[in-house]
Amino acid sequence: MTLIDKKLLNKILYHVEKPGRYVGGEHNMVLKDWHSVDTRVALAFPDIYDLGQANLGLSILYELINDRPDLLAERVFSPWHDMETAMREKNIPLFSLESKTPIKDFDILGITLPYESIYTNVLNLLDLSGIPIRSTQRNTNHPLVIAGGQACFNPEPMADFIDAFAIGDGEELIFEIIHAYQEWESQNSDKKTLLKKLAEISGVYVPSLYEVEYFDDGRIKRVFPVTDDVPNIILKRISPALPPPIKKQIVPNIQIVHDRIAVEIMRGCTRGCRFCHAGIVNRPVRQRNPEDILEAIELGIKATGYEDLSLLSLSSSDHTQILDITKAVYEQNKSRRLSVSLPSLRIESFSVDLMDELKDLRPGGGFTIAPEAATDRMRAVINKPLDDEILFETVETIFSHGWLNLKMYYMIGLPGERMEDVEAILDTARKVQKIGRRLHGNRIRVHVSIGTFIPKPHTPFQWANSEDPESVQKKIDFLREGMRQSKIKLSYNRPDSTLLEAWLSRGDRRLGQVIEQAWQNGAKFDAWDEGFQKDFWYKAFDETGIKPDFYINRLRDLDEVFPWDHISTGVSKDFLLEEYEMSQRGETRYDCRKGCHVCGILDCFSDIRPNQNNTYWGCP
Amino acid sequence: MNPITPFRVRIKFAKLENLRFIGHLDLQRLFERALNRTGLPLRYTQGFSPKVRINIASALPLGFVSSAEVLDFWLNAPVDLQEIQASLQAALPKDLQILDIQEIPNKAPSLQASVLSSEYAIVFPIIYAQDDINAKLRNILAQETIPVERRGKIVDIKPMITTHAFYEEGDSTILHLQMDSSATSNVRPDELLKLLGIDPADVIIERTNLIFEE
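Rules of the game
Residues numbered from 1 in each chain as written. Chains lettered and ligands numbered in written order. Predicted model: local features only at pLDDT ≥ 70, side-chain atom pairs only at ≥ 80, totals over all residues. Helix = DSSP H or I, 4+ residues; strand = E, 2+ residues; numbered from the N terminus. Buried ≥ 20, exposed ≤ 12 C-beta atoms within 10 Å, placed from the backbone. Contact = placed C-beta atoms within 7 Å. Rg over C-alpha atoms; globule rule 2.2 N^0.38 Å. Pairing = 2+ DSSP bridges. pLDDT = per-residue confidence, 0-100. Nonpolar A, V, L, I, M, F, W, Y, C, P; charged D, E, K, R; others polar. Expected span 1.5 Å × (residues − 1). Axes fitted to C-alpha atoms, helices over the stretch in contact; angles between N-to-C directions. Arc of directions from axis to C-beta.

Within chain B, the regular secondary structure consists of five helices and ten strands. Expressed as lengths along the three principal axes of its C-alpha atoms, the size of chain B is roughly 60 × 35 × 30 Å. Counting across all 214 residues of chain B, residues that qualify as buried make up 31%. Taking the contacts inside chain B whose residues are at least 6 apart along the sequence as the reference set, 73% of them involve residues at least 24 apart.

As structure tokens, this is what we get:
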């Protein structure tokens, strides 16, 4: 193991933008003696520090691994363009922030895949580390490359590059993977043996042990294991109860996104919105009880010195004790200078009451709601029912309780959407603005944020297709003009970057060639507006002879085998299909806490369901 | 009005290694959070969004190390200085080291207003022959004016450079400089280095002293 030449590094750091991204040295960073441990894990988030350091999953694993005396974990992020150029020029391989050790010298490289537009950065990160990008090119001298995170529920597009995927919650899984690695290491065996050993762990998917058979028209016939003792279907892992909150969150020396204490109050969501990937893959709902939340906040404040706190969940209002929590958080912190944000609130006046409970701990900014669709018909299609009356009443409450900025999230391009549904978004925004102006005049601001629908794997809409970008652009243009006239702020995603996310999230194994080719062509930082260049991708599709439309333009047959069908979220395909058909009939389903719809999750995990009363699961 | 007389504390600290790449605003935020972690009875600024009241004497350019940074902060009650130093040091990253701590009369003038100049030690690696730099520097300083460009404007930095001297330490040549760092007259050592044709990234620039108005 050789450390990076510090002098050379300092020289290049002097000339790059925000060099603080590359030096570590933060409060609560853990720097262990390299030789005092058995196994060294590099945890990578393949985007810049400013984004990656805010990732909760990474922070949880970092702390859990470093809590073990026989292990160490260090962090690595993608260098920004200027730093990459300098590193390549000076032949400096990618290194960890803590000890400045080259990534290729670690035993295990664990990569977070939170979203798909990060894939080319994974290849770039491996390449910058001097590690061959393809799994088959790597041997026992290279780190074992594993990946986890929300995008791994369709691992196939990255199958050529990742040795093993950890599917689902990683808190227990990571140690089982490390344990298998340690056992294998002591046996001095080959890589294939390691991979087989990993594949025996429940929740681990080793793509090289599976093969895909196709029909002549390109659709998948079947995916099957090519070796014994590995499962046909890989069921995700879940943590039966939420892991203990982070005790020593790293306090970045430079400003990052979400620069605050993060306390996860609930994982999963019972709402059942049909477009929502997170809502399916994170089932069942597990919530943290109020005492543990308060303790986490107290620890967090003392360990970080932050004056901002965010209580994280997919749907804060749905925590069964949310009112007690907000009251207690206020009592706990009323003498402090702390700003507490409570994202993802339901559209009802009660949400405003919740914020009121926080009194002067309420953050300044604005209030955010997510109606997602503006007509009753579309709301039934996506299973997010909401009465306009309640919406406007809530908006009235929000403005009358002193908020002047209101942000509303909507989606376009949803299955079965008509122009009138898009018009209704504009109409609603104008009515909302009118309510605000009646109360506060021109001081109020309404901000509408438009997301374009992507038929995500594992959701009831996985059989649907993506709307073509031209038609999406027309809808955006319509909204832009209308909002401009009414002086309502509008933000939206570029239709072509939505397209990329759709290809990558729905892709199969063959897409690996396209990703590699696009990266060769220059694609990286695709998640960035200024980074994404569609030409790299179209050229890559051309060069590989793979048709992009195949992945997103077809309405799927109900019996089509999807590339991700061998990865199970615990929710059955039958249930998803039933949901899809209900959506086409415009039928909604009530919150599953009021009665089980038999999605399948309980069948898969009932044996690990805690029976103590203080570890609440959303399932009835 | 806060009825308690504020307890004003001044620390001198070193900024080393990794932390040299953390800029002024980030350093300010870092100290706010570190002070928060100490649990000391901090005093906050007045106004709409109160912040921990701190005052850093002089912004240190990115990439420089220092053994002479100075910062004031205010407490609502007197606390033993050694206790403050211990708890603040424990809350700081290891590349920020407190060198000295003292109580300052609350009415003392603000740090920024009383900084006059800085002393720097610029460490040249062996590859730079001392005589060569020395000769170049002598030529530059012999000029009537030393014009440098700042945001499109030409500024004469000659009157801002107080002293310079070379000395040897081990294998390295060190250039000692004293130059203005006040609100009205301010020059950076790397401005001079550029005139010498030296990439500031090739040398180590350390601020070794801050000189204040008496």
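This brings us to the overall build of chain A. In terms of regular secondary structure, chain A is built from 21 helices and 19 strands. In terms of C-alpha radius of gyration, chain A reaches 24 Å, essentially the compact-globule figure of 25 Å for 620 residues. With respect to the principal axes defined by its C-alpha atoms, chain A has extents near 70 × 65 × 55 Å. Restricting to contacts in chain A with at least 6 residues of sequence separation, those with at least 24 account for 77%.

Here we take up the sheet that holds strand S2 (residues 71-77) of chain A. Residues and elements named next belong to chain A. Ordered by their spatial adjacency, six strands build an open sheet running S2-S1-S3-S4-S5-S6, and the pairing between neighbours is mixed. Both outer strands of the open sheet, S2 and strand S6 (204-205), are each paired with one neighbouring strand and no more. Judged from the four bridges that link them, strand S1 (residues 39-45) and strand S3 (residues 108-112) form a sheet pairing that is parallel. Directly across from Val41, in S3, lies its bridge partner Ile108.

Here we come to the confidence of the model for chain B. When the pLDDT values of chain B are averaged, the result is 93; 98% of them are 70 or greater. Prediction confidence for the complex, expressed as pTM and ipTM, is 0.96 and 0.93 respectively.

Let us now look at the interface of chain A and chain B. Taken together, the contact between chain A and chain B spans 21 residues of the former and 19 residues of the latter. Where the side of chain A that touches chain B is concerned, the elements lending two or more residues are helix H1 (6-13) and helix H9 (290-304) of chain A. Here the residues of the side of chain A that touches chain B are counted per class, giving seven nonpolar, nine polar and five charged.

This paragraph deals with the pairing of strand S17 (residues 445-452) of chain A. Residue and element names in this part refer to chain A. Of the two faces of S17, only the one carrying Val446, Val448, Ile450 and Thr452 is buried; Arg445, His447, Ser449 and Gly451 on the other face are not. Across eight bridges, strand S16 (residues 405-412) lies against S17 in parallel orientation. Of the residues in S17, the one forming a bridge with Met411 is Gly451. As judged from the four bridges shared by S17 and strand S18 (residues 489-492), these two strands associate in the parallel manner. Along S18, the bridge assignment pairs Ser449 with Ser491.

Right, let's talk about the environment of Gly364 of chain A for a bit. Residue and element names in this part refer to chain A. Topologically, Gly364 is positioned in the loop between helix H11 (349-357) and strand S15 (367-372). Given 10 C-beta atoms within 10 Å, Gly364 falls into the exposed group. On a C-alpha basis, the gap between Gly364 and Val340 in space is 9.8 Å, while along the polypeptide they are 24 residues apart.

What follows covers unusual backbone geometry. All names here are of chain A. Omega for the peptide link from Arg283 to Pro284 comes to -5 degrees, which places this bond in the cis form. Counting through the fold element by element, Pro284 comes out in the loop between helix H8 (277-281) and strand S12 (286-287). Of note, the phi angle at Asp229 is positive, near 65 degrees, even though the residue is not glycine. Relative to the elements of secondary structure, Asp229 occurs in the loop between strand S8 (220-225) and strand S9 (234-235).

Moving on, we get to helix H14 (residues 419-440) of chain A. Residues and elements named next belong to chain A. Taking 1.5 Å per residue, 22 residues should reach 32 Å; H14 reaches 32 Å between its end C-alpha atoms and fits that length. Looking at the buried residues of H14, the elements they touch are helix H12 (376-382), helix H13 (388-400), S16, S17 and helix H15 (469-485). Two residues or fewer after H14 comes Gly441, characterised by a positive phi angle close to 65 degrees.

The pairing of strands in a sheet happens through backbone hydrogen bonds and is either parallel or antiparallel. Residues and elements named next belong to chain A. Taken in spatial order, the four strands make up an open sheet running S15-S16-S17-S18, and their pairing is parallel. Because the sheet does not close on itself, it has two edges, and the strands there are S15 and S18. Taken over all neighbouring pairs, the strand axes of this sheet differ in orientation by 20 degrees on average, direction set aside. With four bridges connecting them, S15 and S16 associate as parallel partners. Its bridge partner being in S16, Thr368 is matched across the sheet by Lys407.

All names here are of chain A. Given a rise of 1.5 Å per residue, 15 residues ought to cover 21 Å, and the 21 Å separating the end C-alpha atoms of H9 matches this to within 8%. When H9 is considered as a whole, its buried residues turn out to be Ile293, Ala296, Ile297, Gly300 and Thr304. Projection of H9 onto a plane perpendicular to its axis shows the buried side chains occupying an angular sector of 100 degrees, all on one side. Among the exposed residues of H9, those pointing more than 90 degrees away from its buried face are Glu291 and Glu298.

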